[in-house]
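Okay, here's what each chain looks like letter by letter:
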Amino acid sequence: MTNEDRDLLFASLEQDGMQETLDLLQEECGELVQAVSKYRRYKDTQAFNGMVEESVDVLILLKKFELIVDYLDRMSVFDDLLTSKLRRIRRMMDDKRIGNTNSDNALSRTDGIYGLSAPHARAKGIRS
Ligand SMILES: [Mg+2]
């Protein structure tokens with residue numbers, strides 16, 4: 001995110017206020033949940049693009065939420081939680097790798113993503 005982007009989001013946050021921003025975050029999260037459900041059901045390009053669009057909406061609101069957290073001098077809490085949760089993901093991946101030697105993972109399924117079969121997704125470095 002550029003400084004210009006950050007300034008834009010901060011101006012938008014000042015204009016909308018915290019309550020409106022949280023309302024929008026809640027709304028966009030709901031739209032993303034629906035978009036993911038739609039993609040999982042139809043697995044087509046249109047549904048995938050809808051899911052990407054809603055994820056961008058949520059990402060923008062999360063960046064505005066991060067500005068709120070920063071404004072409230074809580075970035076250290078935010079950063080500590082982020083670090084802690086990333087470490088947890090690493091531990092879970094390590095545990096799964098140790099206990100999982102028969103490729104019983106997402107790529108072993110045939111659903112793929114975006115019309116890609118699991119082998120094609122794997123060749124592109126994409127996990128379904
Ligand atoms: Mg949306």
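To keep things clear, this report deals only with the structure shown in the data block.

1. Structural notes on the nonpolar core
Residues Leu 32, Ala 35, Tyr 39, Met 51, Val 58 and Leu 61 constitute the largest nonpolar core, which totals 6 residues. For Val 58, the contacting residues outside a window of four places in its chain are Glu 28, Cys 29 and Leu 32.

2. Some details on helix α1 (residues 3-42)
Note on helix geometry: an α-helix contains 3.6 residues per turn, so any two residues three or four positions apart are oriented the same way. Here α1 spans only 38 Å end to end across 40 residues, well under the 58 Å set by a 1.5 Å rise per residue. The sharpest bend along α1 measures roughly 100° and falls at Gly 17. Residues of α1 that are buried: Leu 32, Ala 35 and Tyr 39. Elements in contact with the buried residues of α1: α2 (45-71). At the exit of α1 stands Lys 43, carrying a positive phi of roughly 50°.

Parameters at a glance
- By convention here, each chain's residues receive numbers from 1 onward along its written sequence.
- With the structure being a predicted model, the display of local features is reserved for residues of pLDDT at least 70 and the display and counting of side-chain atom pairs for 80 or more, all residues being used for whole-chain, interface and lining totals.
- Only buried Ala, Val, Leu, Ile, Met, Phe, Trp, Tyr and Cys residues enter a nonpolar core, and they are joined through C-beta atoms within 7 Å.
- The exposure label follows from counting other C-beta atoms within 10 Å of a residue's C-beta, where the C-beta atoms are placed from the backbone and the thresholds are 20 or more for buried and 12 or fewer for exposed, leaving partly exposed in between.
- Working definition of a contact: two residues with C-beta atoms, positioned from the backbone, lying within 7 Å.
- A helix here means a DSSP run of H or I that spans at least four residues, while a strand means a run of E at least two residues long, and both kinds are numbered starting from the N terminus.
- The span expected for a helix works out to 1.5 Å for each residue beyond the first.
- Throughout, bend refers to the angle between the axes fitted to the seven residues that end at a position and the seven residues that start at it.

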